[in-house]
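Summary of structural features
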Amino acid sequence: MSKTAQLDRDAVRIGDLMIGHGLPVVVIGGENARWLRLPAAGDSPEARYDRSAQSDRSDRSDRAAGAAGKTDGETTGEMAEKAAGEARARWAGPLLVELSSAADLPAVARHADAVVIGPAWAREPGLVRAAARLGLPVILQRGVDQRGRAVTLEEWLAAADDCAAEGNEAIVLCENGGRTEPAGAASHLPPSHLSPSDLAPAPDSGPASDSASDSNSDCNSGAVLALGRAPDATAHAAFDSAFRSAPDLALMRAARERTGRPVLAALGRDGGLAGAAVAAGADGLLLDPAAPPEARAAADEAATVLAALVRPQSPRTLTEARGEIDRVDAALAVLLERRALLAARIQRLKPVGGFQGRDMERERRLVAGMARRAPRLGVRRLAPIMNAVIEAGLHAAEEERARDRDTDGM
Ligand SMILES: C=C(O[C@@H]1C=C(C(=O)O)C=C[C@H]1O)C(=O)O
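The sections below set out a description of the structure shown in this document. Please read these numbers as outputs of a predicted model, since none were measured by experiment.

Attention now moves to the overall build of the protein chain. Assigned secondary structure in the protein chain consists of 14 helices and 12 strands. Taken over 410 residues, the protein chain has a buried fraction of 48%. Here the analysis covers contacts within the protein chain between residues at least 6 apart in sequence; of these, 67% occur between residues at least 24 apart. With the model as given, the accessible surface of the protein chain reaches about 19,800 Å², and the carbon-plus-sulfur share is 55%.

This part is about the sheet that holds strand β12 (residues 284-287). The sheet built from 8 strands is open, its strands ordered β3-β12-β11-β8-β7-β6-β5-β4 with parallel pairing. What marks the edges here is a single partner per strand, and that holds for β3 (26-28) and β4 (34-37). Geometrically, the sheet is characterised by an average inter-axis angle of 25 degrees between neighbouring strands, direction not taken into account. In this sheet, strand β11 (residues 263-268) lies alongside strand β8 (residues 171-175) in parallel orientation, the contact comprising 3 bridges. Within β11, the position partnered with L173 by the bridge is V263. With respect to the sheet, helix α11 (residues 293-310) is in contact with β3 and β12, its orientation differing from that of β12 by roughly 175 degrees.

Right, let's get into the site of the ligand. Surrounding the ligand, one finds R339, A343, I346, Q347, K350, R358, D359, R362, E363, L366 and I390. Contacts to the ligand include Q347, whose side-chain N or O atom sits 3.0 Å from an oxygen atom. Contact between the ligand and D359: an oxygen atom at 2.9 Å from a main-chain N or O atom of the residue. Here the ligand loses 93% of its free accessible area of 360 Å² to cover by the protein chains. A molecule is said to occupy a pocket when more than half its atoms come within 2 Å of that pocket's grid points, and by this definition the ligand occupies the second largest pocket. Residue assignment for the shell around the ligand shows that the elements contributing at least two residues are α12 (318-349) and α13 (360-373). Take the shell around the ligand: its biggest share by element is 4 residues, from α12.

Our focus in this paragraph is α12. Taking 1.5 Å as the rise per residue, α12 with 32 residues should run 46 Å; its terminal C-alpha atoms sit 46 Å apart, in good agreement. Here α12 has its buried residues at G323, E324, R327, A331, A343, A344 and Q347. Looking at the buried residues of α12, the elements they touch are α11 and α14 (378-409).

As for its placement among the helices and strands, N176 is situated in the loop between β8 and β9 (199-201). Residue N176 is classed as buried on the basis of its relative accessible area of 2%. Spatially, the C-alpha atoms of N176 and G268 are 8.1 Å apart, while their sequence positions differ by 92 residues.

Bringing the nonpolar core into the picture now. With 58 residues, the main nonpolar core has L38, V108, W156, L173, A265 and L285 as its most contacted residues. Ranked by the residues each element gives to this core, the list is headed by helix α6 (residues 153-165), at 6 residues. Setting aside its immediate chain neighbours within four residues, A265 contacts E175, L249, M252, A277, A282, G284, L285 and L286. Membership of the second largest hydrophobic core comes to 18 residues, among which are I14, I139, C174 and L286.

Another point: the environment of D300. Of note, D300 is situated in helix α11. Residue D300 is classed as partly exposed on the basis of its relative accessible area, which comes to 33%.

Judged by side-chain polarity, L309, V310 and L335 come together as a nonpolar surface patch covering roughly 260 Å² of accessible area. Mapped onto the fold, V310 is located in helix α11. For V310, a relative accessible area of 40% gives the class partly exposed.

Applying the stated criterion to the full structure yields 25 salt bridges. One salt bridge connects R129 with E166, and the closest N-O pair in it is separated by 2.8 Å. Pair noted here: R129 is in helix α5 (residues 125-132) and E166 is in the loop between α6 and β8, with a separation of 37 residues, a long-range link. A single salt-bridge network, built from bridges that share partners, covers R37, E98, R269 and D288.

Within the secondary structure layout, E363 lies in helix α13. Each residue touching E363, except ones within four places of it in the same chain, is listed here: R358, N387 and I390.

Turning our attention to the packing of α12 against α14. Where α12 contacts α14, the axes come no closer than 9 Å and their chain directions differ by 55 degrees. Relative to α14, the element α12 lies oblique. The two elements α12 and α14 meet at a crossing, and its hand is right-handed. Mapping the contact onto sequence places L336, R339, A344, Q347 and R348 in α12 and M386, V389, I390, L394, A397, E400, R401 and D404 in α14.

What counts as what
- Residues numbered from 1 in each chain as written.
- Predicted model: local features only at pLDDT ≥ 70, side-chain atom pairs only at ≥ 80, totals over all residues.
- Heavy atoms only, no water.
- Helix = DSSP H or I, 4+ residues; strand = E, 2+ residues; numbered from the N terminus.
- Buried < 20%, exposed > 50% of the residue type's maximum accessible area, 1.4 Å probe, protein only.
- Contact = heavy atoms within 4.5 Å.
- Areas by Shrake-Rupley, 256 points an atom, 1.4 Å probe, with all protein chains shown as cover.
- Pairing = 2+ DSSP bridges.
- Axes fitted to C-alpha atoms, helices over the stretch in contact; angles between N-to-C directions.
- Near = heavy atom within 4 Å.
- Polar contact = N/O pair within 3.5 Å; in protein donor to acceptor, adjacent residues only side chain to side chain.
- 1 Å grid on protein atoms, 1.4 Å probe; cavity = no way out; pocket = protein on both sides within 12 Å on 5 of 7 lines; lining within 4 Å.
- Sits in = over half its atoms within 2 Å of the grid points.
- Expected span 1.5 Å × (residues − 1).
- Core = buried A, V, L, I, M, F, W, Y, C linked by side-chain atoms within 4.5 Å.
- Patch = residues over 30% accessible without salt bridge, like charges linked within 9 Å, V, L, I, M, F, W, Y side chains within 5 Å.
- Salt bridge = Lys/Arg side-chain N within 4 Å of Asp/Glu carboxyl O.
- Parallel < 35°, antiparallel > 145°, perpendicular 65-115°, else oblique.
- Left-handed = near helix turned anticlockwise from the far one by under 90°.

Below is the structure:
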């Protein structure tokens, strides 16, 4: 019996984590689920050391290389076994393991809850099919392949079809970034003009190497053009790097619409696009194992607050419904806090502020405006709610002013 027990293509279960349409946005790489990238055979000892140090710094040593670094005589498969086994022993929750080669498959089958196929392999049907046959959910990443070429939407979806052809429908599409369109004037070269020496890792992607593993060494970096030959190269390089390594959210959305399968946005170590990814329909956010706490916080916040606004759900159980209420309340709290700050500002701007300067006509109009967006409550029910909100804001503002006066008078 396969571990996936997949019924429907629009939701995939990984351990106790459900990813899909109509379900809460998941954050992988944070508290919900871990992502382990297996060390590649070509990893130099320095690269392994460097990766390990990054993991240690972020206090999240899921990145196997280094922690379970290769010692002499160890095969790639043994390395994978050790790394995946160690990760499993440290973490009981959902564990996603990224292959570095076909030799890793047995270790993945033994220890992982899902197999991750990195962008380097999306166009290797043999490996994709072999991974699908493990019977685990498959996370299929799109980005830049081993030769520095961006995998197209069609190729990505063809790889998903390869998985499905093996009888595995538990597929999650993960958009990593890597543009097919050139971003800067100097990069109007067809991909076939590229040689490995034209490629450089993105700034945060660790030591440069033309090995397959290193061109895929960071979730979100991919390989970018080093525009070293053009005169305006330096000016464009930083922009190009950021642009090319960011997930293509329009493409992610298209993949979701075309296939009905759940999609993830790979954010790398930067939470900056978390909100945009959620708004674009991501069912989950994938963070690099070495992402700093701020990136994880940004991803969690987008998956909670923003998702409550842009991703209405239809929960079926009491637990699901309460989870959704918690997210809506989180969004309300953020907005109530912002409203109270604005109301306090207004009290300072008005000739007469506070309760003394209360403007009942303005309050009546704002309730009427809100009732159009909240027809279930209507004016009659909203009026007392907003009266309480407004009075709470005025009380907080008056207390703050009194404190300020005391401080000034001292
Ligand atoms: C903020 C103001 O002061 C008071 C508080 C209001 C509010 O919190 O929305 C509205 C009207 C006033 O009674 C204002 O005049 O706009």
